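Summary of structural features
Residue strings, one per chain:
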Amino acid sequence: MTALPPPTADQIWVWMKAWLVLHTPAPFQALVSIVCMVAAIIVVFASLFALTVLLERKGLGRIQNRYGPNRVGPFGILQPIADAVKSLTKEDIVPRSADHVVHYLAPLVLVGASFLAYAVLPIGRNMTAVNLDAGVLFFFAIGSATELAVFMAGWSSRNKYSLLGAMRAIAQMVSYEIPLILSSIAVVMIAGTLSTSAIVDEQAQYSHGIAHWYVFTPWGLAGFILFMIAATAETNRSPFDLPEGESEIIAGYFIEYSGFKFALFFLAEYIEMFAVSGLGITLFLGGWSSPVSFLAWIPSWIWFFGKLLAFIGCFIWVRGTLPRLRMDQLMNFAWKFMLPMTLFVILSAGVWRFLPSAVAGSTGLGAVVRWLVCALVVLLPYITLARTLESGRKIEKREYRFAD
Amino acid sequence: MFGEGILQGLYETARNFFGSYVDKDRLVTVQYPEERHQLPEATREFPFLLYDGPDPEAGLRCVACQICEKECPPRCIHIEKSKDKKPDFVGKQQFYPAVFDIDVSVCMSCQICVEVCPFDAIRMDNEYELSTSNRFGGLLYTKRELAKPNEYYRKIHPTEAAETDDRRAKEAEEAKAKAAAAAAAAAAKAAQVAAIPAVAANGATGNGAAPKPAEQPADKKPVNQ
Ligand code: SF4
Ligand code: SF4
């Protein structure tokens, strides 16, 4: 890398890295380049984690008509620091009969795997750490590694609750991985590539000043919603946080973890959530691109993080709204609703792609017809599915024999 | 069926979220150290000892009868009776507690000590900030820390205090009346006694001794197994 890119606001980070690499001796250039990117990702997303925890506690408080934390620093903004100090100074307890090695490794594997997923996320123009040709595939492969870590934690703790929690987590993650991947297949089909950067480039084009984001297409919108539902379940966020249901299995697979190891689990959970939101942004919301062409002067990384923050806000909002599902509801929802719906999304994407080019002009009546046809392909199954799943189920007041 | 319920829920929570910034009444939280709830009058937390007048030693109502010590279910009261006596509010000579300790960490706020005290000497406080950095000495309250003036009692439990004060005033009145009556009777008796010798000076002296009280039959009863 000899030529420096222009130091515009958009490319400022890329420029800084290139400058740094340029000024190191040749044998270390590759190393410095890697360290720069890894350090940047870890620092940025770990601080985003701190910010999110604060926002979440504040937001949930407001949703429940409380203040939320407001003691540490002005308006409680130093709360994450207090939390960090607390978790660092707490005693780290390992159960006597636990499998020490695995118990120790589980949080590390979890955090490591969660951070690895960022390697392929384009967080700005020319800001993908590793531009893999099979980036989406890599993301999902790494995502499955977190399941291993979860089961390591649950198994090695030698606690029935942690084992139950781990089993729930595995069942849930495996079930929801399928709709997650299937809904992103639609995007891969249309974009014709597995590379995350190429997918974003595909969406960062404008006609009539509006970006070609996939979420603006009927299959993209449906796919996006399904993707986000599956992502919520995949990262064990409420309302799909059964693996850690306090009322049933106390804290699930990390029940035997304390102190900093617990904080690592907590961190990994949020890191995963950001990663999967980032993938959702990349696949459906045009990654770092702006929705309308006249706003394209705003730096690309600001767009990405703005979208990410909006996602986080939605996650918090949903968490403050929905109660936790039951295990059978969770499984029913995955296999009876999510899976068929994602298949129809793929069908709709196919129709969108292969509708006769005479009809599928980018403007005029043809575009409207294509839009409507694709919307119908998703909407009709949705209505049918919702009706059939609902039929035969009566919701009535339950009579309790002893509790009244 | 189509997820409208979820949308409704999302609308509700969003309304709460923004409403809590606009409408202060929504936030029910009391910001504790700065704001406090008005305590209900019947609040009870922990007993304290009442005293009348300005001096906690002289005015302490407790007579060290140790009823409360015996009744306290968790046995957290410790009393040591004094050797000497001091006058109580009606002027009667009474013992007083040389030591009166209550262990706050053991007290369960049952108010039984208050119910059993025949001398209106112990009442429930509403002080609830009892935390201390010394977990042994700091939680053992001695007589000095426990003694609080009657005015304080009137302030925290006005209704109860008024009732107690009325009753005690009446008692004091009665005691005074009784004392006056006794004094009058004594005076009359003294006059009578002064008169009697003149009359009975020549009577027999053998029947002057009072008859011995009969032995209590209950004491002689054989103990049943
Ligand atoms: S507080 Fe009341 S019951 Fe207890 S020793 Fe004193 S006078 Fe007796
Ligand atoms: S309130 Fe109950 S527990 Fe406390 S000192 Fe009185 S009798 Fe004992």
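Residues numbered from 1 in each chain as written. Chains lettered and ligands numbered in written order. Predicted model: local features only at pLDDT ≥ 70, side-chain atom pairs only at ≥ 80, totals over all residues. Heavy atoms only, no water.

1. Here we look at helix α4 (residues 100–116) of chain A
Residues and elements named next belong to chain A. The condition that has to hold: Helix numbers and strand numbers start at the N terminus; a helix is a DSSP run of H or I with at least 4 residues, a strand a run of E with at least 2. Here the expected length of a helix is defined as 1.5 Å per residue gap, with one fewer gap than residues. Throughout, the bend at a residue refers to the angle made by two axes, fitted to the seven residues ending there and to the seven starting there. Relative accessible area decides the class of each residue, using a 1.4 Å probe on protein chains only: under 20% of the type maximum gives buried, over 50% gives exposed, and in between gives partly exposed. Note on contacts: a residue pair qualifies if any of its non-hydrogen atoms lie within 4.5 Å across the two residues.
End to end, α4 covers 25 Å across 17 residues, agreeing with the expected 24 Å (1.5 Å per residue, within 8%). Along α4, the sharpest change in direction is near 30 degrees and occurs at Ala 106; proline Pro 107 comes one to four residues later. For α4, the full list of buried residues reads His 103, Ala 106, Pro 107, Leu 110, Val 111, Ala 113, Ser 114 and Phe 115. Next to the buried residues of α4 lie α2 (29–63), α5 (135–156) and α10 (259–284).

2. A look at the site of ligand 2
Using the following cut-off: A cutoff of 4 Å decides nearness: a residue is near a molecule or strand if any of its heavy atoms lies inside that distance of it. When residues are grouped by polarity, Ala, Val, Leu, Ile, Met, Phe, Trp, Tyr, Cys and Pro land in nonpolar, Asp, Glu, Lys and Arg in charged, and all others, Gly among them, in polar.
As a matter of local geometry, ligand 2 sits amid Pro 47, Cys 72, Pro 73, Pro 74, Cys 76, Ile 77, Cys 107, Met 108, Ser 109, Cys 110, Gln 111 and Cys 113 of chain B. Class assignment for the residues of the shell around ligand 2 results in 10 nonpolar, 2 polar and no charged.

3. Regarding the domain arrangement of chain A
Residue and element names in this part refer to chain A. Filter applied, for reference: Throughout, the edges of the domains are those of an automatic or database domain assignment. Computed with a 1.4 Å rolling probe, the buried area is the accessible surface lost when two parts are put together, summed over both parts. Take a side-chain nitrogen of Lys or Arg and a carboxyl oxygen of Asp or Glu: if they are within 4 Å of each other, that pair is a salt bridge. Distance and chemistry together define a polar contact, namely a pair of N or O atoms within 3.5 Å, with one atom able to donate a hydrogen and the other to accept it when in protein, and with adjacent residues in sequence counting only for side-chain atoms on both sides.
According to the domain assignment, chain A consists of domain 1 (1–89) and domain 2 (93–389). Between the C-alpha centres of domain 1 and domain 2 the distance comes to 22 Å. At the interface, 22 residues of domain 1 touch 28 residues of domain 2. Interface area for domain 1 against domain 2, summed over the two sides, is near 2,300 Å², with a carbon-plus-sulfur share of 78%. Contact with domain 2 buries area across many residues of domain 1, yet Phe 45, Phe 49 and Glu 56 alone supply 26% of it, more than any other trio. Connecting domain 1 to domain 2 are 2 salt bridges. When the shortest N-O distance is used, the salt bridge between Arg 237 and Glu 56 registers 2.9 Å. Linking domain 1 with domain 2 are 4 residue pairs in polar contact (both at pLDDT 80 or more), by the criterion used here. Among the secondary structure elements, those contributing two or more residues to the side of domain 1 that touches domain 2 are α1 (12–22), α2 and α3 (79–89). At 14 residues, α2 tops the list of elements feeding residues into the side of domain 1 that touches domain 2. Split into classes, the residues belonging to the side of domain 1 that touches domain 2 amount to 17 nonpolar, 3 polar and 2 charged.

4. What about the nonpolar core?
We count it as follows: In this text, buried Ala, Val, Leu, Ile, Met, Phe, Trp, Tyr and Cys residues form a nonpolar core when linked through side-chain atoms within 4.5 Å.
In terms of nonpolar packing, the biggest core is built from 91 residues, with Phe 45, Tyr 118, Phe 139, Trp 219, Phe 227, Phe 274 and Leu 308 of chain A touching the most fellow members. In terms of residue count, the dominant contributor to this core is α10 of chain A (14 residues). For this core, the domains that each give at least three residues are domain 1 (1–89) and domain 2 (93–389) of chain A. Ile 77, Ile 79, Val 104 and Cys 107 of chain B belong to the second largest nonpolar core, which has 26 residues in total.

5. Quick look at the packing of α5 of chain A against helix α6 (residues 160–191) of chain A
Residues and elements named next belong to chain A. What counts is decided by this rule: Orientation is described by lines fitted to C-alpha atoms, with helices fitted over the stretch in contact, and by angles between N-to-C directions that extend from 0 to 180 degrees. Should an angle lie under 35 degrees it is considered roughly parallel, over 145 roughly antiparallel, and from 65 to 115 roughly perpendicular; all remaining angles are considered oblique.
One can describe the packing of α5 onto α6 by two numbers: an axis separation of 8 Å at closest approach and a directional angle of 170 degrees. The angle between α5 and α6 falls in the class roughly antiparallel. Residues Phe 140, Gly 143, Ser 144, Thr 146, Glu 147, Val 150, Phe 151, Gly 154 and Trp 155 of α5 pack against Ser 162, Leu 163, Ala 166, Met 167, Ala 169, Ile 170, Met 173, Val 174, Glu 177, Leu 180, Ile 181 and Ser 184 of α6. Tallied by class, the residues present in the contact of α5 with α6 amount to 13 nonpolar, 6 polar and 2 charged.

6. Notes on the sheet that holds strand β2 (residues 77–81) of chain B
All names here are of chain B. Just so we agree on the cut-off: Any two strands are treated as partners once DSSP identifies two or more bridges connecting them.
The 3 strands are arranged β2-β5-β7 in an open sheet whose pairing can be described as antiparallel. The outermost strands of the open sheet, each flanked by one partner alone, are β2 and β7 (140–141). Taken together, the 2 bridges between strand β5 (residues 97–103) and β7 define a ladder with antiparallel strand orientation. Within β7, the residue paired with Asp 103 across the bridge is Leu 140.

7. Describing helix α1 (residues 4–22) of chain B
Taking 1.5 Å per residue, 19 residues should reach 27 Å; α1 of chain B reaches 27 Å between its end C-alpha atoms and fits that length. The complete set of buried residues in α1 of chain B reads Leu 10, Thr 13, Ala 14, Asn 16, Gly 19 and Ser 20 of chain B. Taken together, the buried residues of α1 of chain B touch α2 and α11 (300–321) of chain A.

8. Brief notes about the site of ligand 1
Taken together, 13 residues are adjacent to ligand 1, and Cys 62, Cys 65, Gln 66, Cys 68 and Cys 117 of chain B come closest. Of the residues assigned to the shell around ligand 1, the class counts are 12 nonpolar, 1 polar and no charged.

9. What about the environment of Tyr 152 of chain B?
All names here are of chain B. Take Tyr 152: it is sitting in helix α6 (residues 150–156). Overall, Tyr 152 belongs to the buried group, its relative accessible area being 18%. The spacing of Tyr 152 and Asp 125 is 27 residues in sequence and 9.3 Å in space, taken between C-alpha atoms. Ignoring any residue separated from it by four or fewer positions in sequence, one finds Tyr 152 in contact with Phe 48, Asp 125 and Asn 126. Among the polar contacts listed, one links the side chain of Tyr 152 to the side chain of Asp 125, at a separation of 2.6 Å.

10. Here's the deal with the environment of Glu 171 of chain B
By the element assignment, Glu 171 of chain B lies in helix α7 (residues 158–200). Once residues lying within four places of it in the same chain are set aside, the contact partners of Glu 171 of chain B are Phe 89 and Val 90 of chain B.

11. What to know about the pattern of salt bridges
Applying the stated criterion to the full structure yields 20 salt bridges over all chains. Between Arg 326 of chain A and Asp 328 of chain A there is a salt bridge; the shortest N-O distance is 2.9 Å. Asp 328 of chain A sits in the partly exposed class, given a relative accessible area of 38%. Through salt bridges with shared partners, one network takes in Asp 52, Arg 61, Asp 120, Arg 123, Glu 163, Arg 167, Arg 168 and Glu 171 of chain B.

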